[in-house]
Amino acid sequence: MTARAADRTRYDRATAHLDAPIAVVDLDTFDANADDLVRRAAGKPIRVASKSVRCRTLLERVLARPGFAGIMSFTLAESLWLARAGFDDVLLAYPSADRSAFAELAADPKLAAAVTVMVDDHAQLELIDAARAGGQEEIRVCLELDTSLQLLGGRIRIGARRSPLRSPAQLAELARSVARRPGFRLVGLMAYEGHIAGVGDAVAGRPLRSRAIRLMQATARKELAARRAEVVRAVRAVAPDLEFVNGGGTGSVQHTAAESAVTEIAAGSGLYVPRLFDNYTSFTARPAALFAQPVVRRPGVGVVTVLGGGYPASGAAGADRLPVPYLPEGLRYDPQEGPGEVQTPLLGAPADDLLIGDKVWFRHAKAGELCERFDELQLIEGDRVTAAAPTYRGEGKTFL
């Protein structure tokens, strides 16, 4: 029996009393993935990206482990909610225009002490000040550095379009603006290298593409390490008490941790390991989060139909954004239909061994987005479900 077949047996046994659709997290694998992230971080603390987890129970679980400290959130409303729930170090990874949430932040000393907001433009400071509604609490601020690799004088750009701040001078200028402005305190610097951390460098069946990606990433790492160090020096000259410099992501943990200028690493997807994180040479991890759909039809030889399953992930539309049939091994989509809103035909020899009511297990393309489809996660230890943990959606929270 293969390891995957053994997992299928465990998951089927653990969830035999539950009707699909269901989502599960294998806690033994989740914990092993957490340990691997800590090993790769080589002593630097890991800030957990909440958008990749979206379950408070599992955020609490991983933050209780050595090597993890703090949350990287994705909306200001989520940040306030987490802070009220007792999480005392929440870095908002994206700028916000949520005026009512800024008013709450500026009026509450507990929230203001726990939450750090992201800024990369003078206009964002103006918006926060205009939204205070009388609140006088000091707002903790983090600046974001553009990490993209730019070649041929900027005519070629590789990397996400995030912050407009690229040079040490630009970061230092905004740092001075924050320092001069009453009611704000600069505490951090963030630089997320998505073109390194979020792009697999060992694409199955594509050796030339994989080699090109590795060459690009090696060039990008060298350029960014030098520029990030210069930016940190420039910003620390303005704000010598800077508390943290955040960088990295699941796919680049060990590379980013090696930079002396970086004080902490961001990661989240490496806990669940969705399918987009299969193709890396730098680490190997096992999927901890899956979802199951029930077989509801047997249209013919080599075909079964499961209920639902059309859960595409965000990003540029393409086959890599679709969930994949995972267990039993050997199933594939009908190319004429793909994963559907209400039903999904699956082809392959294993279909003939599936009965009405059996579960087919899938992996989502991206980590936390799976939680937007389910109210709770069944937590599996060994071959038993030991608890059910509500997702953000299950707690009535849909932040985006």
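A brief report on the enclosed structure follows. (Residues numbered from 1 in each chain as written. Predicted model: local features only at pLDDT ≥ 70, side-chain atom pairs only at ≥ 80, totals over all residues. Heavy atoms only, no water.)

Some thoughts on a nonpolar patch on the surface
Part 1 of the argument: Together, Leu-151, Leu-152 and Ile-156 line one region of the surface with nonpolar side chains, adding up to about 240 Å² of accessible area.
Part 2 of the argument: On the secondary structure map, Leu-151 appears in strand β7 (residues 149–151). (Patch = residues over 30% accessible without salt bridge, like charges linked within 9 Å, V, L, I, M, F, W, Y side chains within 5 Å. Areas by Shrake-Rupley, 256 points an atom, 1.4 Å probe, with all protein chains shown as cover. Salt bridge = Lys/Arg side-chain N within 4 Å of Asp/Glu carboxyl O. Helix = DSSP H or I, 4+ residues; strand = E, 2+ residues; numbered from the N terminus.)

So, the sheet that holds strand β11 (residues 264–267)
Part 1 of the argument: On the basis of which strands lie adjacent, the closed barrel formed by 8 strands has the order β2-β3-β4-β5-β6-β9-β10-β11 and parallel pairing. Between one strand and the next, the sheet's axes are offset by a mean angle of 30°, whatever the strand orientation.
Part 2 of the argument: In this structure, strand β4 (residues 90–92) lies alongside strand β5 (residues 115–119), joined through 2 bridges in parallel fashion. Each residue of the ladder has a partner; that of Val-90, found in β5, is Val-115. (Pairing = 2+ DSSP bridges. Axes fitted to C-alpha atoms, helices over the stretch in contact; angles between N-to-C directions.)

Topic: the state of the cysteines
Part 1 of the argument: On inspection of all chains with the given rule, the structure shows 0 disulfides.
Part 2 of the argument: Looking at Cys-55, it has no disulfide partner, and the nearest cysteine sulfur is the one in Cys-371, 6.4 Å off.
Part 3 of the argument: For Cys-371, a relative accessible area of 2% translates into the label buried. (Disulfide = S-S within 2.5 Å. Buried < 20%, exposed > 50% of the residue type's maximum accessible area, 1.4 Å probe, protein only.)

A look at the nonpolar core
Where a protein is soluble and globular, its nonpolar side chains tend to be buried together.
Part 1 of the argument: Judged by nonpolar contacts, the single largest core of 89 residues is most densely connected at Leu-58, Val-117, Leu-143 and Tyr-272.
Part 2 of the argument: Ranked by size, the runner-up nonpolar core spans 12 residues in total, among them Ala-14, Ile-22, Ala-292 and Leu-327. (Core = buried A, V, L, I, M, F, W, Y, C linked by side-chain atoms within 4.5 Å.)

Considering the side chain of Lys-359
Part 1 of the argument: With respect to the helices and strands, Lys-359 occurs in strand β17 (residues 359–363).
Part 2 of the argument: Here Lys-359 is buried and forms no salt bridge, its nearest opposite-charge partner Asp-12 lying at an N-O distance of 5.7 Å.
Part 3 of the argument: A polar side-chain atom of Lys-359 sits 3.0 Å from the main-chain carbonyl oxygen of Thr-15. (Lys, Arg positive; Asp, Glu negative; His and termini not counted. Polar contact = N/O pair within 3.5 Å; in protein donor to acceptor, adjacent residues only side chain to side chain.)

Some points on the pattern of salt bridges
Part 1 of the argument: Applying the stated rule across the entire model yields 32 salt bridges.
Part 2 of the argument: We note a salt bridge from Arg-56 to Glu-395, for which the minimum N-O separation is 2.6 Å. Taken as a pair, Arg-56 in helix α3 (residues 56–63) and Glu-395 in the segment after β19 (384–390) lie far apart in primary sequence, 339 residues in all.
Part 3 of the argument: Note on Arg-56: relative accessible area 21%, which makes it partly exposed.
Part 4 of the argument: A residue is classified by how much of its surface remains accessible, and Glu-395, at 27% relative accessible area, is partly exposed.
Part 5 of the argument: We note a salt bridge from Glu-259 to Arg-228, for which the minimum N-O separation is 2.8 Å. Remark: Arg-228 occurs in helix α10 (residues 207–238) and Glu-259 occurs in the loop between α11 (253–257) and β11; sequence separation between them is 31 residues.

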